Amino acid sequence: KQCTRCHLPRGQRGLGPALDELRRPQGALELAGRLWNHAPVMFALLQQERLEWPAISPAEMADLMAYLRADPSRDPAPDLFQGQVLLLRKGCLKCHRLRGEGGSVGIELTKRHQGYDSPVAWATTIWNHSPRMAGHAGRLGILYPRFTGDEMVNLMGFLRSAAAASPH
């Protein structure tokens, strides 16, 4: 995927941090949040260089997550209430719908899809979705949401529970 084009070995100056600096014990959804946060800058740089966004398959994401030492057992249990608060606070419903309410650009979030199956599936889904999301957000004047700490864990936990409770 040519990540080393920007993420050079430690001690060499690259556009992004060295990959070995990113390797550390972390939760899988914590890493998914970090990948999501990374997307806008990377998207802008790729556009500037006229390069395409590197789509990642689930198998490639699993390998990347293993290399970066992401482990789902390091993620805490989700706080579903906080996940629902995040969905509203981050402005997700400006584009997406929840139980039929919200925007019309994105998908209905209570509809079950493969992205909810595992942290690897979630990270793959949001990675491949983020360039389109960044473009839509820019055109609509919406700030691209960023996630810190346990926020991605809480959001995914809420979305999975909402999809499980939905008759879709």
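Up top is the structure.
The rules we used
Residues numbered from 1 in each chain as written. Predicted model: local features only at pLDDT ≥ 70, side-chain atom pairs only at ≥ 80, totals over all residues. Heavy atoms only, no water. Helix = DSSP H or I, 4+ residues; strand = E, 2+ residues; numbered from the N terminus. Buried < 20%, exposed > 50% of the residue type's maximum accessible area, 1.4 Å probe, protein only. Disulfide = S-S within 2.5 Å. Axes fitted to C-alpha atoms, helices over the stretch in contact; angles between N-to-C directions. Parallel < 35°, antiparallel > 145°, perpendicular 65-115°, else oblique. Contact = heavy atoms within 4.5 Å. Nonpolar A, V, L, I, M, F, W, Y, C, P; charged D, E, K, R; others polar. Salt bridge = Lys/Arg side-chain N within 4 Å of Asp/Glu carboxyl O. Phe/Tyr/Trp six-rings, centres within 6.5 Å; stacked < 30°, edge-to-face > 60°. Lys NZ or Arg CZ within 6 Å of the ring centre and 35° of its normal. Polar contact = N/O pair within 3.5 Å; in protein donor to acceptor, adjacent residues only side chain to side chain. Core = buried A, V, L, I, M, F, W, Y, C linked by side-chain atoms within 4.5 Å.

Trainee: Looking at this structure, I do not really get unusual backbone geometry. What am I missing?
Mentor: Trans peptide bonds make up the majority, and among non-glycine residues the majority have a negative phi. Positive phi, close to 70°, is recorded for Arg69, a residue that is not glycine. Assignment of secondary structure puts Arg69 in the loop between α3 (58-67) and α4 (80-89). Residue Arg69 is classed as partly exposed on the basis of its relative accessible area, which comes to 40%. A positive phi angle is found at Arg99, which is not glycine, with a value near 55°. With respect to the secondary-structure elements, Arg99 resides in the loop between β1 (97-98) and β2 (101-102). Overall, Arg99 belongs to the exposed group, its relative accessible area being 52%.

Trainee: Would you mind going over the state of the cysteines with me for this structure?
Mentor: A covalent bond bridging the sulfur atoms of two cysteines is what the word disulfide describes. Enumeration according to the criterion identifies zero disulfides in this entry. In this structure Cys3 is not part of a disulfide, and its nearest cysteine sulfur, from Cys6, lies 8.8 Å away. Cys3 gets classed as partly exposed once you look at its relative accessible area, which sits at 37%. Here Cys95 stays unpaired: no disulfide links it, and the sulfur of Cys92, its closest cysteine neighbor, is 9.0 Å away.

Trainee: What's the story with the packing of helix α5 (residues 119-140) against helix α6 (residues 151-165) in this structure? I'm lost.
Mentor: Two quantities define a packed helix pair, namely the angle between the axes and the distance from one axis to the other. Relative orientation of the contacting elements α5 and α6 amounts to 100°, with a least axis distance of 12 Å. On the basis of the axis angle, α5 is roughly perpendicular to α6. Where α5 abuts α6, its residues Pro119, Trp122 and Ile126 lie against Met152, Met156 and Leu159. When grouped by side-chain class, the residues that make up the contact of α5 with α6 number six nonpolar, no polar and no charged.

Trainee: Hey, could you run me through the pattern of salt bridges in this one?
Mentor: Close approach of charged atoms allows side chains of opposite charge to pair. For the structure shown, the criterion picks out six salt bridges. Salt-bridge contacts for Lys1 lead to Glu60; the nearest nitrogen and oxygen are separated by 3.4 Å. With Lys1 in the segment before α1 (19-22) and Glu60 in helix α3, the pair connects residues that are 59 residues apart, well separated along the chain. Relative accessible area serves as the criterion here: at 52%, Lys1 is assigned to the exposed category. With a closest N to O distance of 3.0 Å, Glu151 and Arg89 form a salt bridge.

Trainee: Even after reading the chapter, I still don't get the packing of aromatic side chains, so can you show me in this structure?
Mentor: Centre distance and the angle of the planes are the two values used to describe a pair of aromatic rings. Under the counting rule described, the total for this entry stands at five aromatic pairs. Note on Trp36 and Phe147: the rings are 6.4 Å apart at their centroids and 70° apart in plane angle, and the pair reads as edge-to-face. With a gap of 111 residues between them, Trp36 in helix α2 (residues 28-48) and Phe147 in the loop between α5 and α6 connect regions that are remote in the sequence. Looking at Arg23, its charged tip hangs above the ring of Tyr67, at a distance of 4.4 Å from the centre. The ring of Phe147 is capped by Lys90, whose NZ or CZ atom sits 5.2 Å from the centre of that ring.

Trainee: Any chance you could explain the side chain of Asn154 here in plain terms?
Mentor: Relative to the elements of secondary structure, Asn154 occurs in helix α6. From its side chain, Asn154 meets the backbone nitrogen of Asp79 in a polar contact 2.8 Å long. With residues near it in sequence (within four places) discarded, Asn154 still touches Ala77, Pro78, Asp79, Gln82, Gly83 and Leu86.

Trainee: Looking at this structure, I do not really get the nonpolar core. What am I missing?
Mentor: The tendency in soluble globular proteins is for nonpolar side chains to be buried as a group. The biggest cluster of nonpolar side chains holds 39 residues, and the ones touching the most others in it are Leu87, Trp122, Met152 and Leu159. Contributions of two or more residues to this core are made by α1, α2, α3, α5 and α6. The greatest single-element share of this core, amounting to 10 residues, is contributed by α2.

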